[in-house]
Protein chains: 2
Amino acid sequence: MLLNNINLPSSVTIKEVGPRDGLQNENQFIQTEDKIQWINMLSETGLSYIEITSFVNPKWIPQLADALQVAKSINRYKNVTYAALVPNERGLEGALEANVDEVAVFMSASESHNLKNINKSINDTFPILKPVIQEALAAGKTVRGYVSTVFGCPYEGAVSADAVLTVADELFTLGIQELSLGDTIGVANPKQVEEVLLEVLSRFPKERLAMHFHNTRGTALANVLVALNLGISNFDSALGGLGGCPYAPGASGNLATDDLHYMLENMGIKTGINRDQLLNAALFIEGKIGKLLPSHTMQTERGKNCT
Amino acid sequence: MLLNNINLPSSVTIKEVGPRDGLQNENQFIQTEDKIQWINMLSETGLSYIEITSFVNPKWIPQLADALQVAKSINRYKNVTYAALVPNERGLEGALEANVDEVAVFMSASESHNLKNINKSINDTFPILKPVIQEALAAGKTVRGYVSTVFGCPYEGAVSADAVLTVADELFTLGIQELSLGDTIGVANPKQVEEVLLEVLSRFPKERLAMHFHNTRGTALANVLVALNLGISNFDSALGGLGGCPYAPGASGNLATDDLHYMLENMGIKTGINRDQLLNAALFIEGKIGKLLPSHTMQTERGKNCT
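For clarity, every value in this text was computed on a predicted model and none was experimentally measured.

Novice: Looking at this model, I keep getting lost on the overall build of chain A. Mind explaining?
Specialist: Scanning chain A for helices and strands turns up 12 helices and 8 strands. Taking 307 residues into account, the globule formula puts the C-alpha radius of gyration at 19 Å, and chain A, at 18 Å, falls close to it. Expressed as a percentage of its 307 residues, the buried residues of chain A come to 62%. Summarising the internal contacts of chain A: among those between residues at least 6 apart in sequence, 74% fall at separations of at least 24.

Here is the structure:
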């Protein structure tokens, strides 16, 4: 039966992607010192994983042009894994220079999105990622792979589980240790999540998988629930619901860390994260961005004394 | 296993409560002719149940002071059940005069909320509802009961399943045909929904139950998923995520009909509702309210060509 204690994990690792996936989608540059201060606040919440920036060409993501400075300047807490996105060997150089703990490579399950996002076909992307993964591993880093558009593509619509498996197979073969399955445009429904995950779980152990949901259509926590029930215990989210995908029309923010935290903790699933510190960190970045964060938790906090 | 075809209903009845639970929580009076036009639009979407108004004292809910006129003036579609909320015999008179199909009575599972909302203790509420239910049944109406604060009370916090069962038992004994279990302040989590529902389902058949979730903390669709998996096929929602509870601090809107519709239809669960007509009806009331509706679907529609 659904939600019995055998199936549900007793604890979950929330992987905070707000400093990267969140901020890269804001139409403004957040000051470097503010990013650093925010990441330091995040490190004190009990989060054990923070994706702090992206070493992409600043031409494409000017919001994160200060990747190296941010990565070098934050306080490093010993129980926190600090990760950075890297698209290629040049990006890896920066990540290694900053001595991040983990690098994350990325590509899409759908050809058109991969072409738009990376400017290469899927088949032409593997040779680019291969040396990145190998060199990162050789440097003692762990490597994570993202696969985007797992549950739907803004250009192609439906994406087959086979397309996801093909990319997953190749990335694991190249040496990634964890694969994050992304609902880039937030179209997934729980039935689909179960179907796709059952296929993926028939090939790869659940410990190697993470889910990366966007809440574009409000289904993210329902999708999390299905994944939990299949034993997944790694979830990506962005504090306050920051972010989206600039290359996916209509995409709104990531699943909010604070909303995910609310559901998990209230279900008795431990996250190790302190709610008050989390909300303080959300308020901090909300002030810097200068607009209200969209998460339900932040809205509810603001409406506590509703009229 | 979760979401297998044996457990999931093949179709769901969405009960639209926007004209009542939605509009009663707006800080303005929507013009009577606009309400009528909106309800007529809702009737054409394929919805089979619409709660059109509330026959409460206009002193308490001035937004619905035109209950009788609205109920008498709307077009009545033969495949649609038109329901109205009634607090007492006086309210019932109006509902009968307007010849609605169904009347809905309401009370809370928690003593303090019942006192605040109805100005009576729980035990003193039953004698008020008894003649309302009996007379409505005698007049050939169906009767629905709402129980509020099932998953938490803004004044007392946790609410026991026993408290819910006590109210449910008594209301069914008094003759209600369906009970709607309300997460009035939107605090429920999926594990709790399963626990409470299993208790309720041990006493009452699933066909007699409906779930009424608010999306205050973003968990509404995850909670729906659990209820679906236990065979529940009646869900209350308000188009665009209108509404809340004026007596519950921090409560935000109802689960949005459009978001619920998205999830269900994409899971292959039929609702009989046309999406385009639904969104047109949402745009109509959004224009009349003069502020943006908070549902994810409406936000996504607005952001289709996001920059």
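Once the structure has been displayed, the description carries forward.
Novice: Just checking my understanding: could you explain helix α7 (residues 161-174) of chain A for this structure?
Specialist: Helical periodicity: at 3.6 residues per turn, an α-helix aligns residues three or four positions apart in one direction. Residues and elements named next belong to chain A. Between its terminal C-alpha atoms α7 stretches 20 Å, which fits the 20 Å expected from 14 residues at 1.5 Å a residue. Turning to α7, its buried residues are A161, V164, L165, V167, A168, L171, F172 and L174. For α7, the elements touching its buried residues are β4 (102-108), α6 (122-138), β5 (142-148), β6 (178-183), α8 (190-201) and β7 (209-213). Backbone geometry just downstream of α7 places G175 in the positive-phi region, at approximately 120 degrees.

Novice: It is not clear to me how the pairing of β7 of chain A should be interpreted in this structure. Could you clarify?
Specialist: Residues in a regular strand project their side chains so that they alternate between the two faces of the sheet. Residue and element names in this part refer to chain A. Judged by how many residues are buried, β7 sits mostly within the fold: 5 of 5 residues are covered. Side chains of β7 alternate between two faces, with L209, M211 and F213 and A210 and H212 buried alike. As paired elements, β6 and β7 share 5 bridges and run parallel to each other. Note on β7: the bridge partner recorded for S180 is A210. One crossover worth recording links β6 to the parallel β7 by way of α8, and it is right-handed. Taken together, the 2 bridges between β7 and strand β8 (residues 234-237) define a ladder with parallel strand orientation.

Novice: Teacher, can you tell me more about the nonpolar core here?
Specialist: Across soluble globular proteins, you tend to see nonpolar side chains buried next to one another. M211 and F235 of chain A together with M211 and F235 of chain B are the most contacted members of the largest nonpolar core, which has 196 residues in total. Discounting residues that sit within four places of it in the chain, F235 of chain B has contacts with V12, T13, I14, K15, M211, F213, V224, A227, L228 and L260 of chain B.

Novice: I keep staring at the pattern of salt bridges and nothing clicks. Help me out?
Specialist: Proximity of charged atoms lets side chains of opposite charge pair with each other. Counted by the stated rule, this structure contains 27 salt bridges over all chains. A salt bridge links D21 of chain A to R20 of chain A; the shortest N-O distance between them is 3.5 Å. Of the residues examined, D21 of chain A reaches a relative accessible area of 4% and is grouped as buried. Residue R20 of chain A is classed as buried on the basis of its relative accessible area of 6%. A salt bridge links R76 of chain B to D101 of chain B; the nearest nitrogen and oxygen atoms lie 3.2 Å apart. Placement of R76 of chain B in the loop between α3 (67-73) and β3 (81-85) and of D101 of chain B in the loop between α4 (89-97) and β4 (102-108) is noted, with a sequence separation of 25 residues between them.

Novice: Before we go on, may I ask you to explain the environment of N123 of chain A in this structure?
Specialist: Tracing the backbone shows N123 of chain A in helix α6. Considering only alpha carbons, one finds N123 of chain A and F55 of chain A, 68 residues apart in sequence, at a separation of 22 Å.

Scoring rules and cut-offs
Residues numbered from 1 in each chain as written. Chains lettered and ligands numbered in written order. Predicted model: local features only at pLDDT ≥ 70, side-chain atom pairs only at ≥ 80, totals over all residues. Heavy atoms only, no water. Helix = DSSP H or I, 4+ residues; strand = E, 2+ residues; numbered from the N terminus. Rg over C-alpha atoms; globule rule 2.2 N^0.38 Å. Buried < 20%, exposed > 50% of the residue type's maximum accessible area, 1.4 Å probe, protein only. Contact = heavy atoms within 4.5 Å. Expected span 1.5 Å × (residues − 1). Pairing = 2+ DSSP bridges. Right-handed = clockwise from strand over helix to strand, strands pointing away. Core = buried A, V, L, I, M, F, W, Y, C linked by side-chain atoms within 4.5 Å. Salt bridge = Lys/Arg side-chain N within 4 Å of Asp/Glu carboxyl O.

These figures capture arrangement, not role.
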